[in-house]
Amino acid sequence: AARQDQADADPASGYLDAPTGTVLDTVGNFGGVTIDGTTPDGCIRTLSIKLDRNGSGADYGNGHADACGVRHGELEASGQLQMFFKSYAVYERYASGKGGPIAVTVTDGTGNGYVLTFLNAVLLNPQINAGSKNTSIMATFDIEGNPAAGGGTFLIAKIKPAGG
């Protein structure tokens with residue numbers, strides 16, 4: 001079994017008050033999405049990012065209170081992008097099987113924020129919904145993050161306001 005340590009002090013006594021600063025605003029301060037460094041023609045409706053660690057774990061054996069070894073696993077970066085279908089540019093990128101960066105920028109009210117980047121993403125499983133009369137055409141793509149040639153799969157870069 002894993003090693004357990006008993007805490008004699010009340011764990012709730014160490015909590016801090018919630019911060020009073022501004023929060024990341026994915027509506028008012030959505031910086032947009034770029035695919036291969038270019039803003040897609042269609043407006044982005046939804047974007048989801050999922051980061052998982054697959055194959056990680058601790059190995060335990062008889063006579064050991066702690067883990068005998070650790071398997072670090074590997075990062076799996078995936079997501080989904082849904083946009084209004086305005087041109088064939090993003091669909092053609094999917095059809096070519098090309099990989100490259102897909103990035104999203106989001107900030108708080110003061111300009112602090114993050115750029116979240118799939119370093120070598122491939123678009124998969126397109127779903128083009130033509131809907132019915134007088135409805136918008138939506139395009140949904142799964143995003144598969146693959147390791148870049150120089151290493152790395154996903155990058156989280158902190159940004160600060162100009163002069164900050």
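Heads up: the structure comes first, above all this text.
Conventions and cut-offs
Residues numbered from 1 in each chain as written. Predicted model: local features only at pLDDT ≥ 70, side-chain atom pairs only at ≥ 80, totals over all residues. Heavy atoms only, no water. Salt bridge = Lys/Arg side-chain N within 4 Å of Asp/Glu carboxyl O. Buried < 20%, exposed > 50% of the residue type's maximum accessible area, 1.4 Å probe, protein only. Helix = DSSP H or I, 4+ residues; strand = E, 2+ residues; numbered from the N terminus. Phe/Tyr/Trp six-rings, centres within 6.5 Å; stacked < 30°, edge-to-face > 60°. Contact = heavy atoms within 4.5 Å. Core = buried A, V, L, I, M, F, W, Y, C linked by side-chain atoms within 4.5 Å.

Novice: I would appreciate a short explanation of the pattern of salt bridges in the present structure.
Specialist: A side chain of one charge can pair with a side chain of the opposite charge when the charged atoms of the two come close. Going through the model one piece at a time under the given rule, you end up with four salt bridges. The salt bridge involving Asp52 is made with Lys50; its shortest N-O contact spans 3.6 Å. We classify Asp52 as partly exposed; its relative accessible area is 26%. Judged by relative accessible area, Lys50 falls into the partly exposed class, the value being 49%. A salt bridge links Arg71 to Asp59; the nearest nitrogen and oxygen atoms lie 3.0 Å apart. Taken together, the residues span a long stretch of sequence, with Arg71 in strand S4 (residues 69–71) and Asp59 in strand S3 (residues 57–59) at a distance of 12 residues. Classification of Arg71 as partly exposed rests on a relative accessible area of 39%. Residue classification places Asp59 among the partly exposed residues on the basis of a relative accessible area of 32%. Salt bridges sharing partners connect three or more residues here, namely Asp36, Arg93 and Lys98.

Novice: Before we go on, may I ask you to explain the packing of aromatic side chains in this structure?
Specialist: The relative placement of two aromatic rings is captured by the distance of their centres and the angle of their planes. Applying the stated criterion to the full structure yields four aromatic pairs. Measuring from centroid to centroid gives 5.4 Å for Tyr91 and Tyr94, while their planes differ by 55 degrees, and the two rings are tilted. Residue Tyr91 and its partner Tyr94 are located together in helix H1 (residues 89–96), separated by three residues, close to a single helical turn. Centroid distance Tyr94 to Phe141: 6.4 Å. Interplanar angle 45 degrees. Geometry classified as tilted. Of this pair, Tyr94 sits in helix H1 while Phe141 sits in strand S8 (residues 138–145), and the two are 47 residues apart along the sequence. What makes Tyr94 partly exposed here is its relative accessible area of 26%. These aromatic residues form a ring-pair network of at least three members: Tyr91, Tyr94 and Phe141.

Novice: Sorry if this is basic, but what is going on with the side chain of Ser78 here?
Specialist: If you trace the backbone, Ser78 turns up in strand S5 (residues 74–84). For Ser78, the residues in contact, after removing those within four places along its chain, are Ser48, Ile49, Lys50, Phe118 and Ile143.

Novice: Help me understand the nonpolar core, please; the structure alone is not making it clear to me.
Specialist: As a rule of thumb, soluble globular proteins bury nonpolar side chains together. Of all hydrophobic cores here, the largest spans 16 residues; its most connected members are Ile102, Phe118 and Ile143. Elements with a contribution of two residues or more to this core: strand S1 (30–35), S5, strand S6 (100–107), strand S7 (113–129) and S8. If we skip the residues at most four places from it in the chain, Phe118 touches Ile49, Ala77, Ser78, Gly79, Gly100, Pro101, Ile102, Ile143, Gly145, Thr153 and Phe154.

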